[in-house]
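# Commentary on secondary and tertiary structure
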Amino acid sequence: LILAASVALSQMGGPKGPPLSPPAEASVTINGKTISIKYSAPSVRGRQIFGPGGVISKDKTYPVWRAGANAATAFHTDADLVIKGLEVPKGDYTLYILVEPEPWQLIINKQTGQWGLTYNQAQDLGRVPMDMSKPAAPVETLKYTLTSTGPSSGLLRLEWDNYVASVPFTVK
């Protein structure tokens, strides 16, 4: 019980501080339909994030990244979507990302409500390659944005550390 309380406090940032990876949300409304992402936003805090020996790398136990921290990253859409050719029916999903090798692969997973390290590949709806770029300056805190790019199109964008990964989508 004491160990569980210590782990819970450390994930929340300690008894006096804010959470180390606070909850965050991104959303957009296109054609009257809402698309949203709920996630926990970790910060770099001086750590190596990606690559060999990094917090998120292929030499770790887990083959995919939970696309945030703590609980799995939740993705909701009120509309049927097409994400880079992948048909995504309206509903609730979990986002994961395969970061190595580049380009990253966005994974839309049908399992929901799980802790972020619980990944079942058999539940994948599909995977799509992400468009990769570099930010003008390193991004300290993980950030998702969802933006409208036209009357029935949008962009899902993730920025963290020295990476920007995005995928366009269409609202059906």
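Residues numbered from 1 in each chain as written. Predicted model: local features only at pLDDT ≥ 70, side-chain atom pairs only at ≥ 80, totals over all residues. Heavy atoms only, no water.

### Brief notes about the overall build of the chain
Of the regular secondary structure elements, the chain holds 1 helix and 12 strands. When its helices and strands are written in sequence order, the chain yields α-β-β-β-β-β-β-β-β-β-β-β-β. In the chain, which comprises 172 residues, the share counted as buried stands at 42%. Intrachain contacts of the chain at a sequence separation of at least 6 include 52% that bridge at least 24 residues. Carbon together with sulfur atoms contributes 56% to the accessible area of the chain, which is approximately 8,800 Å² in total. (Helix = DSSP H or I, 4+ residues; strand = E, 2+ residues; numbered from the N terminus. Buried < 20%, exposed > 50% of the residue type's maximum accessible area, 1.4 Å probe, protein only. Contact = heavy atoms within 4.5 Å. Areas by Shrake-Rupley, 256 points an atom, 1.4 Å probe, with all protein chains shown as cover.)

### Side note on unusual backbone geometry
The residue after Glu 100, namely Pro 101, is reached through a cis peptide bond having omega -5°. In this fold, Pro 101 is placed in the loop between β6 (91-98) and β7 (105-109). Its identity as a non-glycine residue notwithstanding, Asp 161 has a phi of 60°, on the positive side. Here Asp 161 shows up in strand β11 (residues 153-161).

### A few points about the sheet that holds strand β8 (residues 124-129)
Pairing between sheet strands relies on hydrogen bonds along the backbone, with the strands arranged either parallel or antiparallel. The 6 strands lie next to each other as β1-β2-β3-β6-β7-β8, forming an open sheet whose pairing is antiparallel. Edge strands, defined here as strands with exactly one partner in the open sheet, are β1 (23-30) and β8. Here the average twist between neighbouring strands, direction ignored, is 20°. Pairing between strand β3 (residues 73-77) and β6: 5 bridges, direction antiparallel. Paired with His 76 across the strands is Asp 92, a residue of β6. (Pairing = 2+ DSSP bridges. Axes fitted to C-alpha atoms, helices over the stretch in contact; angles between N-to-C directions.)

### Thoughts on the packing of aromatic side chains
The final tally for this structure, using the stated rule, is 9 aromatic pairs. Judged by centre distance (5.7 Å) and plane angle (80°), the rings of Phe 50 and Trp 65 are edge-to-face. With Phe 50 in the loop between β2 (33-40) and β3 and Trp 65 in the loop between β2 and β3, this residue pair connects regions lying 15 residues apart in the sequence. Comparing Phe 50 with Trp 65 shows no difference in burial state: the two are buried. Note on Phe 50 and Trp 160: the rings are 5.8 Å apart at their centroids and 85° apart in plane angle, and the pair reads as edge-to-face. With a gap of 110 residues between them, Phe 50 in the loop between β2 and β3 and Trp 160 in strand β11 connect regions that are remote in the sequence. Taking relative accessible area as the criterion, Phe 50 reaches 10% and is therefore assigned buried. By relative accessible area, which is 2% here, Trp 160 ends up buried. Among the aromatic residues, those joined into a cluster by ring pairs are Phe 50, Trp 65, Trp 104, Trp 160 and Tyr 163. Lying across the ring of Tyr 163, Lys 134 places its NZ or CZ 4.1 Å from the centre. (Phe/Tyr/Trp six-rings, centres within 6.5 Å; stacked < 30°, edge-to-face > 60°. Lys NZ or Arg CZ within 6 Å of the ring centre and 35° of its normal.)

### Concerning the confidence of the model for the chain
When pLDDT drops low, the exact placement of atoms in the prediction is not to be read closely. Looking at the chain, the pLDDT average stands at 89 and 88% of residues meet or exceed 70. Ignoring residues within four places in sequence, the model shows residues 1-12, a span with pLDDT below 50, making 11 contacts including any to other chains. (pLDDT = per-residue confidence, 0-100.)

### Here's the deal with the pattern of salt bridges
Under the defined criterion, the tally for this structure stands at 4 salt bridges. For Asp 124, the salt bridge goes to Arg 127, with nearest N and O atoms at 3.3 Å. (Salt bridge = Lys/Arg side-chain N within 4 Å of Asp/Glu carboxyl O.)

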